[in-house]
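# A look at the structure
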Amino acid sequence: MTSMKKFSVIILILIAGVVKAQDKVKVDYRYEPGKTYHYRMESSNSFIQELMGQENKGTTGINQDGVFSVESVDNDGLISGSFTWQNFTTSTKMMQIDTTIAMNDYIGKKSNISITPKGKILVISSDSANVLTGIPGSSVGTMLFFLKLPEEMLAVGDTFSSRSIDTTYDQKNNQTITEKIRKSKFENKEKASQGELIYIFKYEEQTSSSGTVETMGMEMYQETEGTEKGTVRISGNGILLSQQAISDKDMSLVLTGQMGMTIPMTIHEEREYKLID
């Protein structure tokens, strides 16, 4: 190989390396201080429940609206602000029941939160709300969903994983532990009609949870196993735009005491979550 040919090969290798490096992007959540972001979540669920040897089928729907108000962003990109509920309604159809409930006690309730550039949410403090009459109030959280992002830069086709274990408590200090193992893929980049760049991610998640809940004098132990597949869109400037997800879960409820029984249930959910403005 002549010197000129060797030089040409070296140049091509260098160009290929530069192009490959340029294909990688750093994806972070970056919200602007002083701005508010309105999110909406709509979900529909169908379930099959076996109770005392009888199979019952039903559907539920949930509609939620809330505003994420950004107060500050520090030098490390930590986003601090609050989430305030604007709407929360549920509808249920099963057996002889056909009802819609407006969860008005949530309206106006606020949680002070922080979000890291990689999508970890921390609820710092929150108001309380009574979910239903006769049930003790509980601290409200948020309906916000953020795909957890890796520290390294990403190219289309790259995959990454995350694992989380969360513990929640009811009013009697009974705990429920939930583990989620998620495998995600940087699926594609596209441009919106206004020319805005959008990053598209796909994910698959394995979920398991177990714990005890006590309400209205009844103690219930639950175990749940499930899977979820979803698509997440994040704008090029770091704003969560939407999430669509489909999940299937198998749940067992065990009632203790005089009404001791085990209630198996399967749940199918379709959920859409999006930025409204």
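See the structure above.
A brief structural summary. A quick note: this is a predicted structure, and the numbers were derived from the prediction, not measured.

### Some thoughts on the pairing of strand 6 (residues 121-126)
Examined bridge by bridge, strand 5 (residues 110-115) and strand 6 share five bridges and lie antiparallel to one another. When the bridges of strand 6 are listed, Asn112 appears paired with Ser125. Connecting strand 5 to the antiparallel partner strand 6 that follows it, the hairpin turn spans five residues, and Gly119 within it adopts a positive phi of roughly 100°.

### Comments concerning the packing of aromatic side chains
This structure, assessed with the given rule, holds 14 aromatic pairs. Ring geometry for Tyr31 and Tyr37: centres 4.7 Å apart, planes at 85°, overall edge-to-face. Exposure class is identical for Tyr31 and Tyr37. Each is buried. Ring geometry for Tyr37 and Phe68: centres 6.5 Å apart, planes at 35°, overall tilted. Placement of Tyr37 in strand 1 (residues 36-51) and of Phe68 in strand 2 (residues 54-73) is noted, with a sequence separation of 31 residues between them.

### A short note on a negative patch on the surface
On the surface, a cluster of negative charge is made up of Glu223, Glu225, Asp248 and Asp250. Where the negative patch is concerned, the elements lending two or more residues are strand 12 (218-235) and strand 13 (240-255). By relative accessible area, which is 40% here, Asp248 ends up partly exposed.

### With respect to the pattern of salt bridges
This model, assessed by the stated rule, comprises nine salt bridges. Put simply, Asp28 and Lys26 hold a salt bridge, and the shortest N to O gap is 3.8 Å. Note on Lys26: relative accessible area 51%, which makes it exposed. The salt bridge involving Glu269 is made with Arg271; its shortest N-O contact spans 3.2 Å. Here Arg271 falls in the buried class, since its relative accessible area comes to 17%. Taken together, the shared-partner salt bridges connect Lys26, Asp28 and Lys118 into one network.

### Quick notes on the environment of Leu51
Tracing the sequence through the fold places Leu51 in strand 1. You can call Leu51 partly exposed: its relative accessible area is 27%. Sequence-wise, Leu51 and Met261 are 210 residues apart; in three dimensions their C-alpha atoms are separated by 8.7 Å. With near-sequence residues (within four places) excluded, Leu51 lies in contact with Asn56, Met261 and Ile263.

### So, the pairing of strand 1
Two strands pair when backbone bridges link them, and strand 1 and strand 2 are joined in this way by 16 bridges, in the antiparallel orientation. Residue pairing across strands places Glu50 opposite Glu55, the latter belonging to strand 2. Two successive antiparallel strands, strand 1 and strand 2, enclose a turn made up of two residues, where Met52 displays a positive phi of approximately 55°. With eleven bridges joining them, strand 1 and strand 14 (residues 261-275) adopt antiparallel strand pairing. Looking across to strand 14, one finds that Arg40 is bridged to Lys274.

The rules behind each value
- Counting of residues starts from 1 at the beginning of each chain's written sequence and follows it residue by residue.
- In keeping with the predicted nature of the model, local features appear solely for residues at pLDDT of at least 70, side-chain atom pairs appear and are counted solely at 80 or more, and the whole-chain, interface and lining totals rest on all residues.
- Neither water nor hydrogens contribute to the side-chain values; these are computed over all heavy atoms in the structure.
- For two strands to count as paired, DSSP must find a minimum of two bridges between them.
- A run of DSSP states H or I qualifies as a helix once it reaches four residues; a run of E qualifies as a strand once it reaches two. Both are numbered from the N-terminal end.
- Pairing of aromatic rings covers Phe, Tyr and Trp, the last counted by its six-membered ring, and requires centre-to-centre distances within 6.5 Å; plane angles under 30 degrees mean stacked, over 60 mean edge-to-face, and any other angle means tilted.
- For every residue, the accessible area (1.4 Å probe, protein chains only) is compared with the maximum for its type, and the residue is labelled buried under 20%, exposed over 50%, or partly exposed between those bounds.
- Residues enter patches when they are more than 30% accessible in relative terms and free of salt bridges; like-charged ones are connected within 9 Å and nonpolar ones (Val, Leu, Ile, Met, Phe, Trp, Tyr) within 5 Å.
- Values of accessible area rely on a 1.4 Å probe in the Shrake-Rupley scheme; residue burial ignores everything except the protein chains shown.
- A pairing counts as a salt bridge when a side-chain nitrogen of Lys or Arg comes within 4 Å of a carboxyl oxygen of Asp or Glu.
- Residues scored as positive are Lys and Arg, those scored as negative are Asp and Glu, and His as well as the terminal groups of each chain are ignored.
- Where a charge sits is defined by one atom per residue type, namely NZ (Lys), CZ (Arg), CG (Asp) or CD (Glu).
- Contacts between residues were defined by any pair of non-hydrogen atoms, one from each residue, lying within 4.5 Å.

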